[in-house]
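Structural characterization, general
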Amino acid sequence: MVIERIEAQLPGAILERHAFRGDETVTVAGASFLAVVDFLFGEGFQMLLDVTAVDLETPEFRFEVVYHLLNLASQARLRIKVPVADGAAQPSLTGRFKSADWAEREVFDLFGIPFDGHPNLTRLLMWEDFPGHPLRKDYPLDGGDPFCSNDIGASYSPEARSLNA
Amino acid sequence: MNPTVSPFLPVLLLFLIALGVGAAILVLSGRILPGLLKPANPQKAKLTPYECGAPPRQEGARHRYNVKFYLVAMLFILFDVEAAFLIPWAVQYKAHLWTFWAMLSFVATLVVGYVYAWGKGALDWER
Amino acid sequence: MAGISLDDSVMPTRLDAVVNWARRNSLWPLPFGTACCAIEFMSMMASRYDFSRFGAEALRFSPRQSDLLLVLGTVTNKQAPVLRQIYAQMAEPKWVVAVGVCASTGGMYRTYATLQGIDRVVPVDVYVPGCPPRPEGMIFGVMELQKQITRESLSARKEHIEQFYQSLARQEELQQARGLSQYQVVREMVLEAGAQGGQRIW
């Protein structure tokens, strides 16, 4: 299994792994992320399917940047998650994978996570001077539109959103 | 004595009637009917160039194109005018002895220009 | 209102009635298709529902050559100034039909990215609800518009079009003054209007 080979080659890189119904996921520390990606590229995982992120708001790190890799030869898929602190940057994979270009722009646009080494890190979906990053958990769903908020009352208030209420 | 009327008089009358009817149609459809029916609301925004609604990227419709198109057009005009001069000459070139030599000198001047254009590569399309 | 009487056997008709008849039976649509409603529009244009029997066979994808703006699908906040520009470039007489719930009110997308109804940025004549509306529903919407056109008068000025052009001038002023992109300016105008109780910026 390729995850064992990563463990052997780069001890300490993998923080956590789990599998669910055939999906393999590894959580990789940010410091060894590029080494893991290069190793996997050598193992045949030469297609980056997607880069996305999750806003977890945990005390240790805020975001988890998620990468999906595909091994075209063996059809094996692997999900890599990298914990990223609020304000910290991720190294860009545009040098290795062409598909990282717009995927990282999308993550930057919607989460505000900068990518070091990206040739054109500008917003992709929202317009250039859009204030804020919409997919963060502290961004209101209706964008702060008074018409929306007045109309339907408290459904989008933070209290209604929190799981403790 | 009978004053002879030209047989072409009806043609003149018909021409004048056609002119009049044409002018009337133009004035009616261009000035009078629009004046009655047109909802005139001239606005500056209506005159902006159509770019599928996007903000305009550049001024005007001018964009850079390869100069070879311009060169071909220019050379065509020159040699086409030369050909236009050759055609009436070809009808009566036997009139005088020097007619031939006059035209030959004209063509020779243009041949010099042709050789120059050829040598300079103006006729090379792929460059 | 001019009365045209040719001879005793012809009923005198008012100029308005004739002009409105001509206009409502030759509506050339500009299909501003952004989403699924555009697919239903395609089936409306096809032979079974046949929109062309209303004189609307000539689809013109240019605002200069059409008189009916059919907004078919979701309009995002990024698309809003584009829609305004297209509407601005159309020559009068012009009408707008909001087809589907996304164009009418934002539909199921109650989010930061979706414009909550195109009537916030352009004047709308007819709203056709549905997600997507059936072709019969869209045809009914256009027939309602035809009834509206029948009641129009040549000499009456259309207030909503004037207000729209004034809002366009305001938008350009704000763009110059604040140095923002057109998207942000329109978004701010929409939010301001929402805060003041009204929702439309025109």
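Up top is the structure these notes are about.
Attention in this report is confined to the structure presented alongside it. (Residues numbered from 1 in each chain as written. Chains lettered and ligands numbered in written order. Predicted model: local features only at pLDDT ≥ 70, side-chain atom pairs only at ≥ 80, totals over all residues. Heavy atoms only, no water.)

**What about the side chain of Asn77(C)?**
- Here Asn77(C) is to be found in the loop between β4 (68-72) and α3 (80-89).
- Sequence-distant contacts of Asn77(C), that is, excluding residues within four places in its chain, are made with Trp127(A), Tyr112(C), Ala113(C), Thr114(C), Leu115(C) and Arg187(C). (Helix = DSSP H or I, 4+ residues; strand = E, 2+ residues; numbered from the N terminus. Contact = heavy atoms within 4.5 Å.)

**Details of helix α2 (residues 36-45) of chain C**
Residues and elements named next belong to chain C.
- Along α2, the residues classified as buried are Cys37, Ala38, Phe41, Met44 and Met45. On an axial view of α2, the arc spanned by its buried residues comes to 105 degrees, and they lie on one face. Opposite the buried face of α2, by more than 90 degrees, sit the exposed residues Cys36, Ile39 and Met42. (Buried < 20%, exposed > 50% of the residue type's maximum accessible area, 1.4 Å probe, protein only. Arc of directions from axis to C-beta.)

**Overview of the interface of chain C and chain B**
- Chain C puts 24 residues into the contact, and the matching count from chain B is 15 residues.
- Summing both sides of the interface, chain C and chain B together bury roughly 1,400 Å²; the carbon and sulfur share of this comes to 55%.
- Counting the surface chain C buries against chain B, the share from its top three residues, Gln89(C), Glu92(C) and Tyr165(C), is 30%.
- The tally of links from chain C across to chain B stands at two salt bridges.
- Here Lys44(B) and Glu172(C) are joined by a salt bridge, their closest N and O atoms 3.6 Å apart.
- Linking chain C with chain B are eight residue pairs in polar contact (both at pLDDT 80 or more), by the criterion used here.
- Of all the elements in the fold, those that place two or more residues in the side of chain C that touches chain B are α1 (15-24), α3, α6 (159-178) and α7 (182-195) of chain C.
- No other element matches the six residues that α3(C) contributes to the side of chain C that touches chain B.
- Taken together, the residues of the side of chain C that touches chain B break down into 16 nonpolar, four polar and four charged. (Buried area = accessible area lost by both parts, 1.4 Å probe. Salt bridge = Lys/Arg side-chain N within 4 Å of Asp/Glu carboxyl O. Polar contact = N/O pair within 3.5 Å; in protein donor to acceptor, adjacent residues only side chain to side chain. Nonpolar A, V, L, I, M, F, W, Y, C, P; charged D, E, K, R; others polar.)

**What to know about the pattern of salt bridges**
All names here are of chain A.
- The tally for this structure, following the rule as stated, stands at 18 salt bridges over all chains.
- Residue arginine 17 is joined to glutamate 24 by a salt bridge in which the shortest nitrogen-to-oxygen separation is 3.8 Å.
- Taking the shortest distance from any N to any O, the salt bridge between arginine 62 and aspartate 86 comes out at 3.2 Å. Separated by 24 residues along the polypeptide, arginine 62 in the loop between β3 (47-55) and β4 (63-71) and aspartate 86 in the loop between β5 (76-84) and β6 (90-91) bring together distant segments of the chain.

**Remarks on unusual backbone geometry**
All names here are of chain C.
- With an omega dihedral of 0 degrees, the bond running from glutamate 92 to proline 93 counts as a cis peptide bond.
- Relative to the assigned elements, proline 93 resides in the loop between α3 and β5 (95-99).
- With an omega of -10 degrees, the peptide bond running from cysteine 131 to proline 132 counts as cis.
- Relative to the assigned elements, proline 132 resides in the loop between β6 (126-128) and α5 (135-150).

**A short note on the interface of chain C and chain A**
- Counting residues at the interface gives 16 residues for chain C and 23 residues for chain A.
- In total, about 1,700 Å² of surface goes out of reach between chain C and chain A, with carbon and sulfur atoms giving 59% of it.
- Taken together, the links from chain C to chain A amount to one salt bridge.
- The shortest N-O distance in the salt bridge between Asp145(A) and Arg120(C) comes to 2.9 Å.
- Connecting chain C to chain A are five residue pairs in polar contact (both at pLDDT 80 or more).
- The residue makeup of the side of chain C that touches chain A, split by class, is five nonpolar, seven polar and four charged.

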